[in-house]
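# Coordinate analysis (summary)
Residue strings, one per chain:
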Amino acid sequence: MKASDILLDGFLPNDSGNPRGVKRSLMYYLRYWKLFAISMVVFFSIAFVYIYYSVPIYTVSSAIMLKDDAKGSKFFENPVVGELEEFKSSQITENEVDVLESAELIKEVMEGLNYYNLYYKENLFGRLEALSDNQLPFNFKVLEIFPNRISEVKDMNIESIQGDIIRFSIDGNPDETVFGKSLKNEFGIFIFEKNDLTDSFKDFPVKIRFYNKNELAGIFGGGLKVEPKDKNSSIIYITLNTEFPQRGVEILNGLVDTYNKNALDEKKEVVLSTLSFLDGQLTKLSADLELIQQNIEQFKYKRNVVDIENDSKLYQENAVEASKQIVDVQNQLEILKNVQADLRSNSEQNITIGPLSNNDPALLAMIEDFNRELENLRRLRTSLLPENPVYVNSQNSLNNFRDKILGHIQNRVFALEITLKNVESTNSSFNRKSNSGPMVQREYEALTRDVEIKKEHYLYLIKKREETSLYLASVPSTHSKTINRASFFPIPVQPKTSLIYSSVLFVALIIPFAFLFIKRTFDEKLEDKGLISNLLPINMLGELSEIPKKERGMIIDDSSRTPIAEQIRYVRSSYCLQKKSESSQVILITSTISGEGKTFFALNFAKSLAMIGKKTAVLSYDLRKPQVNEALVDVNAPSLSGFLSDKSITIDDLLSSGISIHGFTFFQSGQVPKNPGELMINERNKELIYHLRHLYDFIIIDSSPVGQVADALSLVPLVDSTIYMMRYNWTSKHDIEFFQQLNQEEKLVDPMLVLNGSKVGQGYAYGYYQYS
């Protein structure tokens, strides 16, 4: 909804884009300018008092830069240890913000600054106002504090200073001390010293309030705010809102120093712990390596090995060679045994031993002799008898050769069998050692498995110990880079005068505006003429200003120049311009509800007509609510109600009872009848109006409200026009809708509208002369 729609939001639809509608809304609120003025005076007075007696709060600020590699700040990196990844110094800015805001860090700062007290004075409202150290008429030094007593007794009130004497009280108990002398009391031991304000200070009493560390940490920590410059920056802004700016400066500087000290101490503690750990690991690794070497030495000695892999390979080769020897020896034995068997069978066959000829030359020579003698015997057998001595000698020689060969073979078999046993034993030994190689290798590896790891670990720890020692020697002297040391601006940030006055101005305007807006929204009363003009295509005769109740009555005469008198003249002129007929005019004056000023207007309108020479009569036809004005009541004279209900009263009797007042004739309503509704449709009404038309130029009928009773509608056929009264801030939306319905249904004759009770800004200007 537009602002103009809000301003024009009333009880009737309207064009929110109409500039005149905006003007009407503005004029509505301007009518209540006194309410706005009173609101502003009240709220600005409250704001002034609040600001005057508020305790000023100052902002102490500082800025530091952290080392955050992710955000590009590497200013602390030592080139000597730049490649030591384990000791690179880096922080996450968001985490460090929480560290700087921690309560424990604030408490540690308080411990370091040795703060136990703050200074105050009371203002007119009894509220404590802070005093900084440079505003005191003395220097207060704490030599010793009694923490247990601080929680019980809080305040020391300095009542006055006279010369060197300081008078003070604790819990109402007066006491005194002198400058330069140590004072011991419930809080601790202190010394007062003079300063430049000692002789000129008059704003006593001064309150020295003692706190424990937790209380002071809470007081100053509550105003502490730590925040990064932005999410991509490692710069941190530290602010402290406090009543004590000088102490705030010391606290912020102490906060940064303590934060750096703790961070560096933590780093050194980590490095020293690392060195201790490395030394312990190196000692343990040295002992482990020495023990492993001893075990390997004992294992090699026990297993009779030097190089397990080469020894195992050699055993395998020897076992293969021994296997070959066994096969060779077994082949030789087999051949020799076959030869032996052939010789023992006394067969006369040549002996062949094949490959053995190269291994046994003697046997070979014997076999050659045997084969040669056998050939000789075969040759002799063809030519000699067996009994021939030559044949017998050849046979004997052959047998001798056989016996020699058998003996030699037997010796050779015995020797080969011994050799075979030895080779088989050697082969078994080689095979056993060769087969046990994997087991020996496994046992050896089990002993030496951790040697290389421990050696690498040992060398790695040696390297890290050197790096740690190097880092310890090159630890920076600060954990953060101070951009701005703590300082404060002498103008307090609280109370914020401009903000308070701006807020007060807004509140001072919005509260009466909201009140009037709600009032305007829910009252649904007529507020301006424009709303009626937009809704009803009806003649608007004019409007009447609101006047005090005590001034109501006849307010117009020949000499009257008041605004209301001029307005009635304007209504009269408007009516006469619209009704130019020279015949007598009967005017019905009615409204929706009572209280809208029908009678007031009827009398003054009649007076205004009489002032221009028109014979005017006023008929008080509101039979249900008779006129109470004593000047307009004659209990002994005939009245309208009597005329309508008593046929014995003639028209002449009624006409003779008219009260002549202010130049017009007034006919009273009389007593309230039993049947006013029926009397209004009496034929005598028509007869009365007919006679009055011949006697008067204007007959004004002051009727009852048409929205409450139907009496006025009964008179509509007798009149020439209707003046409908509405009253600002009285006539409601439903009343206007009722009049609109009457107009649409044409139940009123030539209706014209007069608005009563107008205030400044509610209607249009008509050029009235207004004099004070």
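Residues numbered from 1 in each chain as written. Predicted model: local features only at pLDDT ≥ 70, side-chain atom pairs only at ≥ 80, totals over all residues. Heavy atoms only, no water.

### Concerning the overall build of the protein
Each helix and strand counted, the protein has 23 helices and 21 strands in total. By residue count, 43% of the 772 residues in the protein fall in the buried class. Surface accessibility of the protein: about 41,500 Å² in total, with carbon and sulfur atoms responsible for 53%. (Helix = DSSP H or I, 4+ residues; strand = E, 2+ residues; numbered from the N terminus. Buried < 20%, exposed > 50% of the residue type's maximum accessible area, 1.4 Å probe, protein only. Areas by Shrake-Rupley, 256 points an atom, 1.4 Å probe, with all protein chains shown as cover.)

### Digging into helix H5 (residues 103–113)
Buried within H5 we find Leu-105, Ile-106, Val-109 and Met-110. Down the axis, H5 shows its buried residues gathered within 145° of arc, on one side only. Relative to its buried face, H5 has exposed residues pointing more than 90 degrees away, namely Glu-104 and Gly-112. Note on H5: the residue one or two positions beyond its end, Asn-114, has a positive phi of about 60°. (Arc of directions from axis to C-beta.)

### Examining the packing of helix H16 (residues 563–578) against helix H17 (residues 598–610)
Axis separation between H16 and H17 bottoms out at 10 Å; the angle between their running directions is 70°. If you check the angle between H16 and H17, you find them roughly perpendicular. In contact with Ile-564, Ile-568, Val-571, Arg-572, Tyr-575 and Cys-576 of H16, H17 contributes Phe-600, Phe-601, Asn-604, Phe-605, Ser-608 and Leu-609. Of the residues that constitute the contact of H16 with H17, the class distribution is nine nonpolar, two polar and one charged. (Axes fitted to C-alpha atoms, helices over the stretch in contact; angles between N-to-C directions. Parallel < 35°, antiparallel > 145°, perpendicular 65-115°, else oblique. Contact = heavy atoms within 4.5 Å. Nonpolar A, V, L, I, M, F, W, Y, C, P; charged D, E, K, R; others polar.)

### Here's the deal with the pairing of strand E15 (residues 585–591)
A regular strand places its side chains so that they alternate between the two faces of the sheet. Among the seven residues that make up E15, seven are buried, leaving the element largely enclosed by the rest of the structure. By the alternation rule, side chains of E15 split into Gln-585, Ile-587, Ile-589 and Ser-591 and Val-586, Leu-588 and Thr-590, which are all buried. Of the pairings in the sheet, the one linking E15 to strand E19 (residues 698–702) comprises five bridges and is parallel in character. Bridge assignment links Ile-587 to a residue of E19, and that residue is Ile-700. The pairing of E15 with strand E20 (residues 721–727) spans five bridges and is classified as parallel. If you follow Thr-590 over to E20, its bridge partner there is Tyr-724. (Pairing = 2+ DSSP bridges.)

### Points about the sheet that holds strand E3 (residues 128–131)
Here six strands make up an open sheet; going across it, the order is E3-E2-E10-E5-E6-E7 and the pairing antiparallel. In this open sheet, the two strands that pair with only one neighbour each are E3 and strand E7 (173–178). Ignoring strand direction, the axes of neighbouring strands in this sheet form an average angle of 35°.

### Some remarks on the environment of Glu-227
Counting through the fold element by element, Glu-227 comes out in strand E11 (residues 224–228). Look at Glu-227 and you get partly exposed, because its relative accessible area is 36%. Separated by 129 residues in sequence, Glu-227 and Asp-98 place their C-alpha atoms 9.2 Å apart. Not counting chain neighbours up to four residues away, the residues in contact with Glu-227 comprise Ile-235, Ile-236 and Tyr-237.

### With respect to the nonpolar core
Of all hydrophobic cores here, the largest spans 41 residues; its most connected members are Ile-532, Leu-619, Tyr-621, Leu-688, Ile-701, Tyr-724 and Met-726. Contacts of Leu-688, omitting those with residues within four sequence positions, involve Tyr-621, Leu-640, Phe-643, Ile-651 and Leu-654. (Core = buried A, V, L, I, M, F, W, Y, C linked by side-chain atoms within 4.5 Å.)

### Observations regarding the sheet that holds E15
Read across the sheet, eight strands follow the order E14-E21-E20-E15-E19-E16-E18-E17 without closing on themselves; strand pairing throughout is mixed. Of all the strands in the sheet, just strand E14 (539–545) and strand E17 (659–661) have a single pairing partner and so form its edges. When the angles between neighbouring strand axes are averaged without regard to direction, this sheet yields 25°. Taken together, the three bridges between strand E16 (residues 616–620) and strand E18 (residues 664–667) define a ladder with parallel strand orientation. Of the residues in E18, the one forming a bridge with Ala-617 is Thr-665. Each of E14, E15, E16, E18, E19, E20 and strand E21 (751–758) is contacted by H17, which is oriented at about 170° to E19, the strand it contacts most. Each of E20 and E21 is contacted by helix H23 (residues 733–744), which is oriented at about 165° to E20, the strand it contacts most.

### Description of the packing of H5 against helix H7 (residues 213–221)
The contact between H5 and H7 brings their axes to 9 Å, and the two run at 115°. As for how H5 packs across H7, the hand of that crossing is right-handed. Residues Ile-106, Lys-107, Met-110 and Glu-111 of H5 form the contact with H7, whose participating residues are Lys-213, Asn-214, Leu-216, Ala-217 and Phe-220. Its residues placed into classes, the contact of H5 with H7 shows five nonpolar, one polar and three charged. (Left-handed = near helix turned anticlockwise from the far one by under 90°.)

### Section: helix H3 (residues 33–53)
Over its 21 residues, H3 extends 30 Å from the first C-alpha to the last, a length consistent with the 30 Å expected when each residue adds 1.5 Å. Along H3, the residues classified as buried are Phe-36, Ser-39, Ala-47, Ile-51 and Tyr-53. (Expected span 1.5 Å × (residues − 1).)

### What to know about the pairing of strand E1 (residues 58–65)
With six of its eight residues buried, E1 lies for the most part within the structure. In this structure, E1 lies alongside strand E13 (residues 481–488), joined through five bridges in antiparallel fashion. Considered in E13, the bridge of Ile-64 is made with Thr-482.

### With respect to the side chain of Arg-569
The residue Arg-569 is located in helix H16 in this model. Relative accessible area serves as the criterion here: at 13%, Arg-569 is assigned to the buried category. Within the local environment of Arg-569, its side chain forms a polar contact with the backbone oxygen of Asp-557, the two atoms lying 2.9 Å apart. Apart from residues lying up to four places away in sequence, Arg-569 is in contact with Ile-556, Asp-557, Asp-558, Ser-560, Arg-561 and Met-611. (Polar contact = N/O pair within 3.5 Å; in protein donor to acceptor, adjacent residues only side chain to side chain.)

### Some thoughts on the packing of aromatic side chains
Counting across every chain of the model gives 17 aromatic pairs. Seen from their ring centres, Phe-190 and Phe-210 are 5.3 Å apart, and the 35° between their planes marks the pair as tilted. Residue Phe-190 is found in strand E9 (residues 188–194), and its partner Phe-210 is found in strand E10 (residues 206–210); the two are separated by 20 residues along the sequence. For Phe-190, a relative accessible area of 0% puts it in the buried group. Phe-210 sits in the buried class, given a relative accessible area of 0%. An aromatic cluster of at least three residues, connected via ring pairs, comprises Tyr-119, Phe-138, Phe-140, Phe-190, Phe-192 and Phe-210. (Phe/Tyr/Trp six-rings, centres within 6.5 Å; stacked < 30°, edge-to-face > 60°.)

### Notes on the pattern of salt bridges
Counted by the stated rule, this structure contains 22 salt bridges. Between Asp-133 and Arg-247 there is a salt bridge, with the nearest N and O atoms lying 3.5 Å from each other. Placement of the pair is Asp-133 in the loop between E3 and strand E4 (138–145) and Arg-247 in helix H8 (residues 245–303), with a sequence separation of 114 residues. Given the relative accessible area of 29%, Asp-133 is considered partly exposed. (Salt bridge = Lys/Arg side-chain N within 4 Å of Asp/Glu carboxyl O.)

### A look at unusual backbone geometry
Put simply, Phe-204 and Pro-205 share a cis peptide bond, and its omega is 0°. Mapped onto the elements of the fold, Pro-205 is located in the loop between E9 and E10. The omega torsion across Gln-494 and Pro-495 is 0°, close enough to zero to call that bond cis. Turning to its location among the elements, Pro-495 is positioned in the loop between E13 and helix H14 (497–523). With a phi close to 60°, Asn-729 is a non-glycine residue in the positive phi region. Tracing the sequence through the fold places Asn-729 in the loop between E20 and H23. Not every positive phi belongs to a glycine, and Asp-750 is a case in point at roughly 40°. Looking at the secondary structure, you find Asp-750 in the loop between H23 and E21. You can call Asp-750 partly exposed: its relative accessible area is 28%.

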